[in-house]
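Structural overview
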Amino acid sequence: MKFVTSILNRRAVMALAAASMLAGVMHSAPVSAADVTIPIIVKDTTSFYWQIVLAGARKAGKDLGVNVPELGAQAETDVNGQVSILENAVASNPAAIVIAPTEFKALGKPIDEAAAKVKVIGIDSGADSKAFTSFLTTDNVQGGRVAADGLAAAIGAANGGKVEGDVALITNAPGAGSLEQRKQGFTEQLKAKYPGLKLVADKYADGQATTGLNIATDLITANPNLKGIFASNLIMAQGVGQAVAENNLGGKLALVGFDSDEKLIKFLNDGVISALVVQDPYRMGYDGIKTALAASKGEKVEANVDTGANLVTKDNMKDPKIDALLNPKL
């Protein structure tokens, strides 16, 4: 009897030890992807461009089993709003954060502070910070060069091959890193390749399409020798395109915009806009979340990723690659 009891006791001890080990394994198991939260913070949740970014992030979340809160202000000019959103996101203890900074200087310190607590992945626009784990964006300086080439080609086509005359640049708002880089590339390319084109106006707006419309209308009235305009983001391209349409200057005054939506694609089809420089915002959103997840696991990620820029004209807009950029699946 004592022998049987001894055997039973040993079995009980062994079972208890096994249960303890199993509990330890379960407790130390890594958190499943479904429990991982990676917020994405864009500049403006109402803009078509940023909706494409969010669509890419949403698809990545679905593919990777990650919870992706879609955050952002109601306007790209709401810098303080984005700072508050970033602070609240950090306070929620996410695995990582993906952000497109609204303003270079103002977001520098908040991103530094955020990165002290969580991995931060930057997309689209830079900030005055060296704390990004990875940064995915269009090479916006190159994008500005592409815009200058597109504008010069359109001016030549409208003027018997002569690439000369006055041109203007209209920027959505001051201080945005991506827009300043586009401006840099555009102005450098004009000086380097097109001596016959003179930049007579370099204007900043306030983030509103109607302001772009008014600035362009004033420029058209004041500069009879104006041959072309570069509107360096979607909102300005909408406003300037409206000014060109209202003044019946399609095909006469060259206009290059940046990014695309239904309205800009119609302008391109109708000859109001000469060309669009189109990024790959869907890829920015998707790869931003994918990179953030990898970084949160301690995996090595690329410090800088160029997501590309393409010149779209009426002639190439039906090409499969370009069509996919113009008509992304939201």
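The present account deals with the structure reproduced in this document. Each chain carries its own residue numbering, running from 1 in the written order of its sequence. Totals for whole chains, interfaces and linings use every residue, but because this is a predicted model, local features are given only for residues with pLDDT of at least 70 and side-chain atom pairs only at 80 or more, for both listing and counting. Computation of side-chain values: all heavy atoms of the structure, hydrogens and water removed.

It is worth spelling out the packing of aromatic side chains at this point. Between rings of Phe, Tyr and Trp, where Trp is taken as its six-membered ring, a pair exists when centres lie within 6.5 Å; planes separated by under 30 degrees are stacked, by over 60 edge-to-face, and by other angles tilted. Here the structure, examined in full by the defined rule, presents 4 aromatic pairs. Centre to centre, the rings of F186 and F230 are 4.9 Å apart; their planes meet at 40°, and the pair counts as tilted. Within this pair, whereas F186 is found in helix α6 (residues 177-193), its partner F230 is found in strand β8 (residues 226-231), the two being separated by 44 residues in sequence. Pair check on accessibility: F186 and F230 agree, each one buried. Clustering of aromatic rings is evident, with ring pairs tying together F186, F230 and F258. Criterion for a charge above a ring: Arg CZ or Lys NZ at most 6 Å from the ring centre, at most 35 degrees from the ring normal. Here the basic side chain of R182 rests over the ring of F258, its NZ or CZ set 3.8 Å away from the ring centre. A helix here means a DSSP run of H or I that spans at least four residues, while a strand means a run of E at least two residues long, and both kinds are numbered starting from the N terminus. Each residue is assigned to one of three classes by its accessible area relative to the maximum for its type, calculated with a 1.4 Å probe on protein chains only: buried under 20%, partly exposed between the two thresholds, exposed over 50%.

Mapped onto the secondary structure, Q238 falls in helix α8 (residues 234-246). Among the residues examined, Q238 registers a relative accessible area of 16% and is labelled buried. A polar atom in the side chain of Q238 sits 2.6 Å from the side chain of D261. Those residues in contact with Q238 that lie beyond four places of it in its chain are A209, D261, K263, L264 and F267. Distance and chemistry together define a polar contact, namely a pair of N or O atoms within 3.5 Å, with one atom able to donate a hydrogen and the other to accept it when in protein, and with adjacent residues in sequence counting only for side-chain atoms on both sides. Here, two residues are considered to be in contact whenever any of their heavy atoms come within 4.5 Å of each other.

Once that is clear, we can look at the environment of K198. Tracing the backbone shows K198 in strand β7 (residues 197-204). As for K198 and T187, which are separated by 11 residues in sequence, their C-alpha atoms are 9.8 Å apart. Beyond its immediate sequence surroundings of up to four residues, K198 is in contact with G165, D166 and V167.

Relative to the helices and strands, L326 is located in helix α11 (residues 320-326). Each C-alpha atom of the pair L326 and D259 lies 8.8 Å from the other, and the pair is 67 residues apart in sequence. Apart from residues lying up to four places away in sequence, L326 is in contact with S260, I265, V278, V312 and M317.

Attention now goes to α8. Its 13 residues place the ends of α8 18 Å apart at the C-alpha level, agreeing with the 18 Å of an ideal helix rising 1.5 Å per residue. Among the 13 residues that make up α8, 10 are buried, leaving the element largely enclosed by the rest of the structure. Check the buried side of α8 and you find it contacts α2 (48-64), β6 (165-171), α7 (209-222), β8, β9 (254-258) and α9 (262-270). N248 occupies a position one or two residues after α8 and carries a positive phi of about 50°. By this rule, a helix spans an expected 1.5 Å times one less than how many residues it contains.

Next up on the list: the pattern of salt bridges. Think of a salt bridge as a Lys or Arg side-chain nitrogen and an Asp or Glu carboxyl oxygen that are within 4 Å of each other. Counted under the stated rule, the structure contains 8 salt bridges. Put simply, R58 and E70 hold a salt bridge, and the shortest N to O gap is 2.7 Å. Highlighted residues: R58 in helix α2 and E70 in strand β2 (residues 70-72), separated in sequence by 12 residues. With its nearest N and O atoms 2.7 Å apart, the salt bridge here joins D270 to K266. Placement of the pair is D270 and K266 together in helix α9, with a separation of 4 residues, close to one helical turn.

With that settled, the discussion passes to the sheet that holds β9. In a beta sheet, neighbouring strands pair by backbone hydrogen bonds and run either parallel or antiparallel. DSSP-based pairing: two strands are paired if at least 2 bridges between them are found. Pairing in this open sheet of 6 strands is mixed, and the strands run β7-β6-β8-β9-β10-β12 from one edge to the other. Lying at the two open borders of the sheet, with one neighbouring strand each, are β7 and β12 (310-312). In this sheet, adjacent strand axes meet at a mean angle of 20° when their direction is disregarded. The pairing of β6 with β8 spans 5 bridges and is classified as parallel. If you follow I170 over to β8, its bridge partner there is A231. To get an axis, fit a line to the C-alpha atoms, keeping to the stretch in contact for a helix; angles then go from 0 to 180 degrees between the N-to-C directions.

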